[in-house]
Amino acid sequence: MLDKDIASYLASHPDFFDQHPEVLATLRLPHPHDGQAVSLVERQSMMLREKVKALEARVAEMMRNAQENDAISSHLVAWARALLLEADAAALPDRMVDAMKEAFSVPHCALRLWLVQAPYRSLACARPVTADTVSLANSMRVPFCGSNVGFEAVAWFDDGAAVQSLAMLPLRIGADPETFGLLVLGSADKDRFRTGMGTTFLERIAELASAALARLRG
């Protein structure tokens, strides 16, 4: 008989060792670590312990992720609350930036709006931007995360030279293909906003920011 025939027979007769306990008692397998012979039962126990350890590691990772998501959700609520409590539309852009830094511990945050109503065109956030930046924002369907490679938006920060990674959030109403602004987050940590990271929470931030700032839109 070939090895696979024996394996197939045992798989189809799971009660074999119940009927022949003397065979089970004489089986010896090499220890997976030190090479010493151990019984089949002990080897199975080792395998089960390894599986339990792997499952415990997965549960621990899931709990860490859940805790991180819960913390982010709390920060998002705090930031949204600050926006809702700001009744002065002219003060809203600065309040949005300050609350973002405070709630999410983001060291660098900047906002630019275009196509704003006349009463708000003197605000710092309404300073002119290049056509390339507007075109870039319009082309973004989801927030961009990655390294600082010389984007114009980096110059909007007070200390742009220190920024190693950034996230750019296009501001638009619903599915409108045209944007009316860009919210930019920056960090000296090159891995804070890395390429390929999930953007779900950033998308929610962009949606809330767009809704809040829509009253300034022309």
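We now turn to the structure provided with this report. Note that the structure is predicted; figures quoted are calculated from it, not measured.

1. Side note on the packing of helix α5 (residues 92–104) against helix α7 (residues 200–213)
Contact geometry of α5 with α7 gives a least axis separation of 11 Å together with a crossing angle of 155 degrees. As judged from the angle between their axes, α5 and α7 are roughly antiparallel. Between α5 and α7 lies a crossing whose hand is right-handed. The residues of α7 that touch α5, namely those facing L92, P93, M96, M100 and F104, are I205, A209, A212 and L213.

2. Structural notes on the pairing of strand β6 (residues 181–187)
Counted residue by residue, β6 has 7 buried out of 7 residues, so it is predominantly covered. Burial of the side chains of β6 extends over both faces: G181, L183, L185 and S187 are buried on one face and L182, V184 and G186 on the other. Pairing analysis gives 7 bridges linking strand β5 (residues 165–171) to β6, with the strands arranged antiparallel. Opposite P170, over in β6, you have L182 as the bridge partner.

3. Overview of α5
Along its 13 residues, α5 runs 18 Å from first to last C-alpha, staying within 8% of the 18 Å computed at 1.5 Å per residue. Of the positions making up α5, those classed as buried are L92, P93, M96, V97, A99, M100, A103 and F104. Positive backbone phi, at 55 degrees, marks S105, one or two positions downstream of α5.

4. Thoughts on the pattern of salt bridges
For the coordinates displayed, the defined rule picks out 4 salt bridges. Between K190 and D191 there is a salt bridge, with the nearest N and O atoms lying 3.4 Å from each other. One salt bridge connects R204 with E203, and the closest N-O pair in it is separated by 3.8 Å. E203 sits in the partly exposed class, given a relative accessible area of 24%. What you see here is one network of salt bridges that share partners, running through E203, R204 and E207.

5. Concerning a nonpolar patch on the surface
Residues M1, I6, Y9 and L10 make up a contiguous nonpolar surface patch of about 420 Å² in total accessible area. Here I6 is to be found in helix α1 (residues 3–12).

6. What to know about the packing of aromatic side chains
Counted by the stated rule, this structure contains 2 aromatic pairs. An angle of 80 degrees between the planes, with centres 6.1 Å apart, marks the rings of Y9 and F16 as edge-to-face. For Y9, a relative accessible area of 39% corresponds to the partly exposed category.

7. Let's talk about unusual backbone geometry
Unusually for a residue other than glycine, S105 sits at a positive phi of about 55 degrees. Mapping S105 onto the fold places it in the loop between α5 and β3 (108–113). In this structure, L115 is a non-glycine residue whose phi angle is positive, near 60 degrees. Structurally, L115 is set in the loop between β3 and α6 (131–139).

8. What about the sheet that holds β6?
Spatially, 4 strands are ordered β3-β6-β5-β4 in an open sheet, and the strand pairing comes out antiparallel. Each edge of the sheet is formed by a strand with only one pairing partner; in this case those strands are β3 and β4 (144–147). Along the sheet, successive strands turn relative to each other by an average axial angle of 15 degrees, direction set aside. Its contacts with the sheet put α5 on β3 and β6, and the angle it makes with β3 is roughly 155 degrees.

Scoring rules and cut-offs
- Starting from 1, residues in each chain are numbered consecutively following that chain's sequence as written.
- With pLDDT at 70 or above as the cut-off, local features in this predicted model cover only qualifying residues; side-chain atom pairs require 80 or more to be listed or tallied, and sums for whole chains, interfaces and linings still use all residues.
- Only hydrogens and water are set aside when side-chain values are computed; all heavy atoms of the structure are taken into account.
- In this description, a line fitted to the C-alpha atoms serves as the axis of each element, helices being fitted only across the stretch in contact, and the angle between N-to-C directions of two axes falls anywhere from 0 to 180 degrees.
- Where helices and strands are cited, they refer to DSSP runs of H or I of at least four residues and of E of at least two residues respectively, numbered from the N terminus.
- Convention used here: angles under 35 degrees read as roughly parallel, angles over 145 as roughly antiparallel, angles from 65 to 115 as roughly perpendicular, and any remaining angle as oblique.
- Two helices that cross are described as forming a left-handed crossing if the nearer one is turned anticlockwise from the farther one by less than a right angle, and a right-handed crossing if clockwise.
- Any two residues whose heavy atoms approach within 4.5 Å at even a single point are treated as in contact.
- Note on classification: 1.4 Å probe, protein chains only; a residue is buried when its accessible area is under 20% of the maximum for its type, exposed when over 50%, partly exposed between these limits.
- Between any two strands, pairing holds if DSSP finds at least two bridges.
- Multiplying one less than the number of residues by 1.5 Å gives the expected span of a helix.
- Here, a salt bridge means any side-chain nitrogen of Lys or Arg that lies within 4 Å of a carboxyl oxygen of Asp or Glu.
- Surface patches are drawn from residues lacking salt bridges whose relative accessible area is over 30%; two like charges belong together within 9 Å, two nonpolar side chains (Val, Leu, Ile, Met, Phe, Trp, Tyr) within 5 Å.
- In this description, accessible areas are obtained by the Shrake-Rupley approach with a 1.4 Å probe, and a residue is regarded as covered only by the protein chains that are shown.
- Here a pair means two rings of Phe, Tyr or Trp (six-membered ring of Trp) with centres within 6.5 Å. Their orientation is stacked below 30 degrees between planes, edge-to-face above 60, and tilted elsewhere.

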